Protein chains: 2
Amino acid sequence: MSLTGIFPIDKWNFKSQSIFQHLPEEEYEMLCQNRQEQAFEKGELIFKEGGIPAGIYFIKHGKIKKYKADKDGKEQIIYVANTGEIIGYHAILGEDRYPDSAAALEDCVLDFVPKEDFLAALAQSPILTQRLLKALSHEFAVLSNTISVFAQRSVKERLAIALIVLREKYKDDHTSGAPVIINISRTDLASIVGTAKENVVRFLKEFKEAAIINTQGRKIEILDIRKLIEISNYDC
Amino acid sequence: MSLTGIFPIDKWNFKSQSIFQHLPEEEYEMLCQNRQEQAFEKGELIFKEGGIPAGIYFIKHGKIKKYKADKDGKEQIIYVANTGEIIGYHAILGEDRYPDSAAALEDCVLDFVPKEDFLAALAQSPILTQRLLKALSHEFAVLSNTISVFAQRSVKERLAIALIVLREKYKDDHTSGAPVIINISRTDLASIVGTAKENVVRFLKEFKEAAIINTQGRKIEILDIRKLIEISNYDC
DNA sequence: TAAAAAAATTGATTTTTATCAACGCAACAG
DNA sequence: CTGTTGCGTTGATAAAAATCAATTTTTTTA
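The structure reproduced in this document is the subject of the present report. These numbers come from a predicted model, not from an experiment.

### Focus: the overall build of chain A
No. 1: Looking only at helices and strands, one finds eight helices and 11 strands in chain A.
No. 2: A principal-axis box enclosing the C-alpha atoms of chain A has dimensions of 55 × 40 × 35 Å.
No. 3: Taking the intrachain contacts of chain A between residues at least 6 apart in sequence as the baseline, contacts between residues at least 24 apart amount to 75%.
No. 4: Across chain A, the 31 positively charged side chains and the 34 negatively charged ones have centroids separated by 7 Å.

Here you go:
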């Protein structure tokens, strides 16, 4: 089931996948020179808000939550990055500390590229620069979007949007023929939606009773995405 | 009264002022070649979400709200841009339509730079490119911040933050010696905070009774910024 | 300057969301 | 296989925020 024409999924996903694709040999070599494969277990912290960045990470496999925690430790997930995306470049380009934290939502394999190599490649490569400018500008649109949704939409609407967006991300894993299964804790889902997990549970129950989704333990399958889009009340 | 050490104002302001400052002569000339001064009256639309971008705007004087409107016309203000900042570059760099609308909060004077000149200067100027990357990365941090505040903080806390941030922006206009006056409609203030204007009015009244602010009609003067910071409950 | 229009304010009420407390189920370790 | 522990679920209640309706104040305009 494609979302084309019925839901603007582009407004919810970053485009960092394309940044390293089909780069000229030389630039690609520079990035690879000292790269290091790193595995992270589910739940493991990759970097922490306020930390000094040492390099960037290319996600070879797995999903990563980018979030901010307030002083009580309550997390707000800003974005879920998926296989093929890059994380950690904002702090380096902004010449600043990490603006958010990153942790593995599932077992992950990342390629770490040291700051120096990334910046050297950048200095050499107009194409890399241009792609980053484009990616960052698109991210601005995505985050603006998120802000307006948080400020104006109800928890139920936000949950519907979160489910639609997550389904796209979990498509990657599903074996063809089998249904797409969203596999995320209620707590993390609540942190995406920006509410208490009890509210998430209650609305999921409502959706299940309306045959819009099916749940089995933590696993969620979407049965009627059109209904979800309707509930999301989002059409721009 | 400086906020240094007591409130992270940097996390709330973009840094696009620095982009055009002290550029090499040649690049600066390219940008100026076809620039055109344009005046906008208070309330006037500068560009509209979804529109095709023709160029960028340098704010010579005035404040501009960047916002998204939902289908009922309800506005959410994403950011208030001030004198010296640049707007409209996201759409051009992202090779996309405008992600948000821009309208004058007061009478404004802008310099319009056509897309072609901006892109030509960019292609010639590593320094301009680097500054844009830095600015956009910082904006990411600002918007992430905004998202976590919207998702986790109460209306009262958000209003306190909005007042602190707005006071900084309105500092520019005030004659030295005179107090800083925030001059914005309740409706726009509500659109910044992400609530109904009635709520804004009620909390302002509460702040006034606690001698934290003073109001005269739409005008707001901040009397006790430390109290506001305390109320904002924001310390990261 | 007076009338009209727009914006701000107030109070009452409803709806939404958060919080608290308890319970059940399922994964996991000994 | 069995306690333990974490996570998901449920119900009850409190708190926060939105909405509605009406009135006052401010600003604009004729």
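### Details of the protein's contact with DNA strand D
No. 1: Surveying the vicinity of DNA strand D reveals 17 residues, the closest of which are Arg 186 and Arg 202 of chain A together with Val 155, Thr 195 and Asn 199 of chain B.
No. 2: One of the side-chain N or O atoms of Thr 195 of chain B is found 2.3 Å from a phosphate oxygen in DNA strand D.
No. 3: Within the side chain of Arg 202 of chain B, an N or O atom sits 3.1 Å from a base oxygen of DNA strand D.
No. 4: With five residues, helix H7 (residues 197-209) of chain A is the single largest residue contributor to the surface near DNA strand D.
No. 5: For the surface near DNA strand D, the residue count by class is three nonpolar, six polar and eight charged.

### What about the packing of helix H4 (residues 126-152) of chain A against helix H4 (residues 126-152) of chain B?
No. 1: Direction vectors running N to C along H4 of chain A and H4 of chain B enclose 20°, while the axes themselves pass 9 Å from each other. Relative to H4 of chain B, H4 of chain A is oriented roughly parallel. When the axes of H4 of chain A and H4 of chain B are compared, the crossing they make is left-handed.

### Some details on the sheet that holds strand S7 (residues 101-104) of chain B
In a beta sheet, neighbouring strands pair by backbone hydrogen bonds and run either parallel or antiparallel.
Residues and elements named next belong to chain B.
No. 1: Here four strands make up an open sheet; going across it, the order is S2-S7-S4-S5 and the pairing antiparallel. Because the sheet does not close on itself, it has two edges, and the strands there are strand S2 (45-47) and strand S5 (75-81). Across this sheet, the average inter-strand angle for adjacent strands is 35°, counted without regard to direction.
No. 2: As judged from the six bridges shared by strand S4 (residues 64-69) and S5, these two strands associate in the antiparallel manner. Each bridged residue has a counterpart across the sheet, and for Lys 65 the counterpart in S5 is Val 80.
No. 3: Where helix H6 (residues 186-193) meets the sheet, its contacts fall on S4 and S5, and the angle it forms with S5 comes to roughly 90°.

### Brief notes about the protein's contact with DNA strand C
No. 1: Residues in contact with DNA strand C amount to 16 residues; listed here are only the nearest, Thr 195, Glu 198 and Asn 199 of chain A together with Arg 186 and Arg 202 of chain B.
No. 2: Across the atoms of DNA strand C situated within 4 Å of the protein, the share located in sugar and phosphate is 59%.
No. 3: Contact distances for DNA strand C include 2.6 Å between a phosphate oxygen and a side-chain N or O atom of Asn 199 of chain A.
No. 4: For DNA strand C, a phosphate oxygen lies 2.6 Å from a polar atom in the side chain of Arg 186 of chain B.

### Comments concerning the sheet that holds strand S1 (residues 36-40) of chain B
Residues and elements named next belong to chain B.
No. 1: Here four strands make up an open sheet; going across it, the order is S1-S8-S3-S6 and the pairing antiparallel. The sheet is open, and its two edges are formed by S1 and strand S6 (86-87), each paired on a single side.
No. 2: Contacting strand S3 (55-61) and strand S8 (108-114), helix H3 (residues 115-124) runs over the sheet at an angle of about 65° to S8.

### Digging into the packing of aromatic side chains
No. 1: Summed over all chains, the structure comprises 16 aromatic pairs over all chains.
No. 2: Both rings, one in Phe 47 of chain A and one in Tyr 98 of chain A, keep their centres 3.9 Å apart while their planes meet at 10°; by these two values the pair is stacked. One end of the pair, Phe 47 of chain A, is in strand S2 (residues 45-47); the other, Tyr 98 of chain A, is in the loop between helix H2 (89-93) and strand S7 (101-104), with 51 residues separating them in the sequence. Both residues of the pair, Phe 47 of chain A and Tyr 98 of chain A, count as buried.
No. 3: Considering the side-chain rings of Phe 7 of chain B and Tyr 234 of chain B, the 5.8 Å spacing of their centres and the 45° angle between planes classify their relative orientation as tilted. Here Phe 7 of chain B, found in the segment before helix H1 (25-32), pairs with Tyr 234 of chain B, found in the segment after helix H8 (225-232); they are 227 residues apart in sequence, far enough to count as distant. Each of the two residues, Phe 7 of chain B as well as Tyr 234 of chain B, counts as buried.
No. 4: A connected cluster of aromatic rings, assembled from ring pairs, spans Phe 47, Tyr 57, Tyr 98 and Phe 112 of chain A.
No. 5: Against the face of Tyr 170 of chain A rests Lys 63 of chain A, its NZ or CZ located 4.6 Å from the ring centre.
No. 6: Lys 65 of chain A extends its terminal NZ or CZ atom over the ring of Tyr 67 of chain A, reaching a point 5.2 Å from the ring centre.

Calculation rules
- Residues numbered from 1 in each chain as written.
- Chains lettered and ligands numbered in written order.
- Predicted model: local features only at pLDDT ≥ 70, side-chain atom pairs only at ≥ 80, totals over all residues.
- Heavy atoms only, no water.
- Helix = DSSP H or I, 4+ residues; strand = E, 2+ residues; numbered from the N terminus.
- Contact = heavy atoms within 4.5 Å.
- Lys, Arg positive; Asp, Glu negative; His and termini not counted.
- Charge placed at Lys NZ, Arg CZ, Asp CG, Glu CD.
- Near = heavy atom within 4 Å.
- Polar contact = N/O pair within 3.5 Å; in protein donor to acceptor, adjacent residues only side chain to side chain.
- Nonpolar A, V, L, I, M, F, W, Y, C, P; charged D, E, K, R; others polar.
- Axes fitted to C-alpha atoms, helices over the stretch in contact; angles between N-to-C directions.
- Parallel < 35°, antiparallel > 145°, perpendicular 65-115°, else oblique.
- Left-handed = near helix turned anticlockwise from the far one by under 90°.
- Pairing = 2+ DSSP bridges.
- Phe/Tyr/Trp six-rings, centres within 6.5 Å; stacked < 30°, edge-to-face > 60°.
- Buried < 20%, exposed > 50% of the residue type's maximum accessible area, 1.4 Å probe, protein only.
- Lys NZ or Arg CZ within 6 Å of the ring centre and 35° of its normal.

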